Amino acid sequence: MRYFLLFFFAAVVGVVLIAGPQGKRSPNRPFEIFPDMDHQPKVKAQSPSRFFADGVGPRLPIAGTVPMGYDFPAAGPGLARIAGAENPGAARSSHPGLSFGNDPSYLATGKMGDNWGDGIPVEVNAKLMELGRDKFTIYCAVCHGVTGHGNGVTSKYGWNGIANYHDERIVGQPDGELYNTITHGKNTMYGYGANLSVTDRWAIVAYVRALQKAQRGAVADLTPEQRATLPTQ
Amino acid sequence: MANIFPKWTNQLPLKVLAGAALVVTALTGGITYYFTPKYTNVGYQPVQPVPFSHAIHADQLGLDCRYCHSYVEKAAHSNVPSTQTCMNCHSQIKQNSPRLALVRESYKSGKPIEWVRIHKAPDYVYFNHSAHVNRGVSCVSCHGKINEMAVVYQDQPQSMSWCLDCHRAPENHLRPLQYITNLNWKPEDIGTTQKQLGQELKDRWGVKPPVTCNGCHR
């Protein structure tokens, strides 16, 4: 009995010492007690696959792919006709507000023919401005700062020449060019087209315009009711 | 007639019983304590190919989670950022750091960095990130204070019973949508308690998390 007890307590102490407590930090892969069907040979998002030569599971669409159900809008001179339209680009899309990589419409490229277009081709309302503010704060304010003066956190870590939205150069750029800069980047800025949907990008353009207006507005721009709320000097 | 069993065997059944009881107790205790994701998974902190620090990027620099995990609000899978996301800044900042050599190499070759996955639901579980973050469940509820981790580890067991704890009582985790990625936020910051706020949001949004099998298994 004595030997049994001795052995028993030695075993318990041994297990406790070796196994350690719950939540202990460890670089070792978790031990799977019942791994039944935990790992299935299907390709999940961002997972590797030995089936393909490069080992990458998710595949890129072939160049020139058009999503099923989308009309491919005609490029070329036909686009010029919509320049004066109330809501350019959107009217031509079979899926308004949505776009895809090879779509040559103004909505997707910011271009009308070979030139930058001007105007926001999605409906501008309070909801879009909120979306623009949220996406701007996440993606743009990091470098350009929350007010767009080019003084975001990266400027404190040695990044010079970040664009200030309140420069005449940028205030004067058409909306389509701002949209293109967000999509494809410019100079040292990389493109954010992969992170932001078409609507997100136009929402940011609208919000940037609001930021610019906030710095350049005049009392004359306000309605009489709004003027009445201003503090008097 | 001589005794067949010597006298010491009188206590043998008792001793065997006591010994068996000890072993069974120890085994039950051991299995309860060790055979659970609370032991096997919590604390898993693998060495990553690039020594990326969430503490620096999310806390010190104040990047929003979504700057890198862009699709968490739209997709079931919360994406690990592509190398370009790293290069958005590191083409200008610390562009010669030896710790980023693998990032530059990956950007040049187009071959993804092979980050080590930490949180892994079994393949028969269909967890949807967007469904949770768009209904007021913060990153911190399932991942812990990632913004304070220099090296990320698993903070919560993420077992099925753990999922169900919240699916049965979501009011313990709901918060207003604008604070989803603010991992330091507390309901007390806006002068309320989790219980009160959670219940209010649950009623307002009509949150009824599925507790049947096909909520998560298909």
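A brief structural summary. Note that the coordinates shown come from a computational prediction; the quantities given were computed from them, not determined experimentally. (Residues numbered from 1 in each chain as written. Chains lettered and ligands numbered in written order. Predicted model: local features only at pLDDT ≥ 70, side-chain atom pairs only at ≥ 80, totals over all residues. Heavy atoms only, no water.)

## Some details on the overall build of chain A
- The number of helices and strands found in chain A is seven helices and four strands.
- Reading chain A from its N end, one meets helices and strands in the order α-α-β-β-α-α-α-β-β-α-α.
- Relative to its full complement of 233 residues, chain A shows a buried share of 35%.
- Within the structure as shown, chain A displays about 14,700 Å² of accessible surface, and the carbon and sulfur contribution to it stands at 60%. (Helix = DSSP H or I, 4+ residues; strand = E, 2+ residues; numbered from the N terminus. Buried < 20%, exposed > 50% of the residue type's maximum accessible area, 1.4 Å probe, protein only. Areas by Shrake-Rupley, 256 points an atom, 1.4 Å probe, with all protein chains shown as cover.)

## Concerning the packing of aromatic side chains
All names here are of chain A.
- Applying the stated rule across the entire model yields 14 aromatic pairs over all chains.
- A ring pair is formed by tyrosine 106 and tryptophan 202, whose centres lie 5.3 Å apart and whose planes are at 50°; its orientation type is tilted. Taken together, the positions of tyrosine 106 in helix H2 (residues 106–109) and tryptophan 202 in helix H6 (residues 198–216) put the pair 96 residues apart, joining distant regions of the chain.
- The class for tyrosine 106 is buried, based on a relative accessible area of 0%. (Phe/Tyr/Trp six-rings, centres within 6.5 Å; stacked < 30°, edge-to-face > 60°.)

## Focus: the interface of chain A and chain B
- Between chain A and chain B, the residue contacts involve 47 residues of the former and 50 residues of the latter.
- Contact between chain A and chain B buries roughly 4,200 Å² in total, counting both sides, with carbon and sulfur atoms accounting for 57%.
- Where chain A meets chain B, there are 22 residue pairs in polar contact (both at pLDDT 80 or more).
- Of the residues forming the side of chain A that touches chain B, the biggest block, seven residues, is contributed by helix H1 (residues 2–19) of chain A.
- Residue classes in the side of chain A that touches chain B are distributed as 25 nonpolar, 13 polar and nine charged. (Contact = heavy atoms within 4.5 Å. Buried area = accessible area lost by both parts, 1.4 Å probe. Polar contact = N/O pair within 3.5 Å; in protein donor to acceptor, adjacent residues only side chain to side chain. Nonpolar A, V, L, I, M, F, W, Y, C, P; charged D, E, K, R; others polar.)

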